[in-house]
Amino acid sequence: MENEENIIVGISIGDLNGIGGEIVLKTFEDERSLEFCTPVVFASAKVMGFLKAHFNSTIHFNIINSFDQVKQGKVNVFNCWKEPVNINFGEEDVKIGTYAVKSLEVAVKALKHNNIDVLVTAPINKYNIQSEKFNFPGHTDYLAQQLEGESLMFMVTNGLRVGLLTDHVPVKDIASHITPKLIEKKIDIIYNSLKKDFRINKPKVAVLGINPHTGDNGVIGNEDDTIMRPTLKNIKESGKLVFGPYAADSFFGSDNYKNFDAIIAAYHDQGLIPFKTLSFGQGVNFTGGLNRIRTSPDHGTAYEIAGKGVADESSFKEALFTAIKIFRNRLDYELLSSNPLKKAAKKI
């Protein structure tokens, strides 16, 4: 879509037994959200009708079967299936997982064909989505296969952005996955994303060490000395402002993270524990490095509170507005990159 003022946001409904439906409804009950975008929820009329009644929502849906039926100023619901679905809030259900996958697949197809501009994904259960046809640890891995580019799990919020060298990798395998090639690739992705998606001209990136205290000169592992430091040295010599490796245990507590535009953690918990501690409820999971934009809230299905009407939609709202902002930033970046005269005018 080319109309920047009417960004069409696709929303995959996620695990119907979780809080995804609730946070979607709460987000768009605030009609001001419809001034910034046109939402298309990938689910079914029956499911959304059930959720509307259960949560006493006042939203009026526009039910569609094709994208030429999308209406601005309305919450559009794209019918991905017609049969009724038995929703039992708080239960882990493989059948429900199949509907989460169906919603995601239809939404990604729409994204690839430019029927929607960006995708925001409600939380899924990584266990109950698994099947012979769908065998991915999560959204990021599936999107990496379906879309162009190299994916990066990039957690973002105001004043803090954390990328990962390895994401859904068992702890025992982390060190063997981290190679000079991987480090170079991930830093390149995050560096380009900072420039293109966040409009930071000269990004400063910090990299956390693999081992405690970055190995203490080999006493606690030698990967930081033999792999990380030489690779970062080469990257710095290419002109990128990349620093580290830093000891992860003190990096966030000392507020050192505030000196950088992004931090790259060696593995999942090293980056996500401090990120979620500092930003929980406001954080966004952005899949950087791909040719299409996808964001999601920084939490899971929250079965323990599902269906009770108490879920906080703040992170989903942040995911929505982050996707819109990145979309606009990319448009601006492409315009300036393709037109030297406009770039010169921007500097004047």
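Residues numbered from 1 in each chain as written. Predicted model: local features only at pLDDT ≥ 70, side-chain atom pairs only at ≥ 80, totals over all residues. Heavy atoms only, no water.

Participant: Looking at this structure, I do not really get the overall build of the protein. What am I missing?
Facilitator: The helix and strand inventory of the protein stands at 11 helices and 12 strands. Since a compact globule built from 348 residues should have a radius of gyration of about 20 Å, the 21 Å found for the protein is in line with a globular shape. In terms of its C-alpha atoms, the protein occupies a principal-axis envelope of roughly 60 × 50 × 35 Å. The buried share among the 348 residues of the protein stands at 52%. Once local pairs closer than 6 in sequence are excluded, the contacts in the protein between residues at least 24 apart make up 72%. Between the centroid of the 40 positive side chains of the protein and the centroid of its 41 negative side chains there is a distance of 6 Å. (Helix = DSSP H or I, 4+ residues; strand = E, 2+ residues; numbered from the N terminus. Rg over C-alpha atoms; globule rule 2.2 N^0.38 Å. Buried < 20%, exposed > 50% of the residue type's maximum accessible area, 1.4 Å probe, protein only. Contact = heavy atoms within 4.5 Å. Lys, Arg positive; Asp, Glu negative; His and termini not counted. Charge placed at Lys NZ, Arg CZ, Asp CG, Glu CD.)

Participant: Please clarify how the sheet that holds strand 3 (residues 61-64) should be interpreted in this entry.
Facilitator: Think of a sheet as strands paired side by side through backbone hydrogen bonds, with each pair either parallel or antiparallel. The 12 strands lie next to each other as 3-4-2-1-5-12-11-6-7-10-8-9, forming an open sheet whose pairing is mixed. Two strands close off the open sheet at either side, each with one partner strand: strand 3 and strand 9 (241-246). Shown here is a sheet whose adjacent strand axes are inclined to one another by a mean of 25°, direction ignored. Strands strand 1 (7-12), strand 2 (37-43), strand 3, strand 4 (75-79) and strand 12 (293-297) of the sheet are contacted by helix 1 (residues 20-29), whose axis makes an angle of about 160° with strand 2. Packing against the sheet, helix 10 (residues 314-338) makes contact with strand 1, strand 2, strand 5 (118-121), strand 6 (149-157), strand 11 (284-290) and strand 12, and its axis sits at approximately 160° to strand 12. (Pairing = 2+ DSSP bridges. Axes fitted to C-alpha atoms, helices over the stretch in contact; angles between N-to-C directions.)

Participant: Explain the pattern of salt bridges to me, please; I cannot follow it from the model alone.
Facilitator: Throughout the structure, instances matching the rule amount to 12 salt bridges. Here Arg199 and Asp332 are joined by a salt bridge, their closest N and O atoms 3.6 Å apart. You can see Arg199 sitting in the loop between helix 6 (180-196) and strand 8 (204-208) and its partner Asp332 sitting in helix 10, a full 133 residues away along the chain. For Asp332, a relative accessible area of 30% translates into the label partly exposed. In this structure, Lys233 and Glu237 form a salt bridge, with 2.9 Å as the shortest nitrogen-oxygen distance. Of this pair, Lys233 and Glu237 are both found in helix 7 (residues 223-237), four residues apart, which corresponds to roughly one turn of the helix. A residue is classified by how much of its surface remains accessible, and Lys233, at 49% relative accessible area, is partly exposed. Judged by relative accessible area, Glu237 falls into the exposed class, the value being 57%. Through salt bridges with shared partners, one network takes in Asp30, Arg32 and Lys317. (Salt bridge = Lys/Arg side-chain N within 4 Å of Asp/Glu carboxyl O.)

Participant: Just checking my understanding: could you explain the pairing of strand 10 (residues 262-265) for this structure?
Facilitator: Consecutive residues of a regular strand have side chains that alternate between opposite faces of the sheet. Burial along strand 10 is two-sided: Ala262 and Ile264 and Ile263 and Ala265, pointing in opposite directions, are all buried. Summarising the sheet, strand 7 (residues 160-164) and strand 10 pair through three bridges and their orientation is parallel. Opposite Leu164, over in strand 10, you have Ala265 as the bridge partner.

Participant: I would appreciate a short explanation of helix 7 in the present structure.
Facilitator: Think of an α-helix as 3.6 residues a turn; residues three or four steps apart then line up on the same face. Over its 15 residues, helix 7 extends 21 Å from the first C-alpha to the last, a length consistent with the 21 Å expected when each residue adds 1.5 Å. What helix 7 keeps buried is the set Glu223, Asp224, Ile227, Met228, Thr231, Leu232 and Ile235. Looking at the buried residues of helix 7, the elements they touch are helix 5 (174-177), helix 6, strand 8 and strand 9. (Expected span 1.5 Å × (residues − 1).)

Participant: Teacher, can you tell me more about the pairing of strand 12 here?
Facilitator: In terms of burial, strand 12 is a largely internal element, five of the five residues being buried. Burial along strand 12 is two-sided: the residues Ile293, Thr295 and Pro297 and Arg294 and Ser296 are all buried. For strand 5 and strand 12, the ladder comprises three bridges, and the chain directions are parallel. Looking at strand 12, one finds that Leu119 is bridged to Arg294. Sheet topology places strand 11 next to strand 12; three bridges connect them, and they run antiparallel. Paired with Phe286 across the bridge in strand 12 is Thr295. Remark: two residues form the turn of the hairpin made by strand 11 and strand 12, two consecutive strands paired antiparallel.

Participant: I'm lost on the environment of Glu83 in this one. Help?
Facilitator: If you trace the backbone, Glu83 turns up in the loop between strand 4 and helix 3 (94-112). Taking the C-alpha atoms as reference, Glu83 lies 18 Å from Ser66; in sequence the two are 17 residues apart. A polar side-chain atom of Glu83 sits 2.9 Å from a polar atom in the side chain of Tyr99. (Polar contact = N/O pair within 3.5 Å; in protein donor to acceptor, adjacent residues only side chain to side chain.)

Participant: Help me understand the packing of aromatic side chains, please; the structure alone is not making it clear to me.
Facilitator: Counted according to the given criterion, the structure contains 17 aromatic pairs. Judged by centre distance (4.8 Å) and plane angle (15°), the ring pair of Phe67 and Phe78 falls under stacked. Of this pair, Phe67 sits in the loop between strand 3 and strand 4 while Phe78 sits in strand 4; the two residues are 11 residues apart in sequence, bridging distant segments of the chain. Here Phe67 falls in the partly exposed class, since its relative accessible area comes to 23%. (Phe/Tyr/Trp six-rings, centres within 6.5 Å; stacked < 30°, edge-to-face > 60°.)

Participant: It is not clear to me how unusual backbone geometry should be interpreted in this structure. Could you clarify?
Facilitator: The phi torsion of most residues other than glycine is negative, and most of the peptide bonds are trans. The residue after Gly244, namely Pro245, is reached through a cis peptide bond having omega 5°. Note that Pro245 resides in strand 9. Unlike most non-glycine residues, Asn114 shows phi in positive territory, near 60°. The residue Asn114 is located in the loop between helix 3 and strand 5 in this model. Backbone geometry places Thr214, a non-glycine residue, at a positive phi of 50°.

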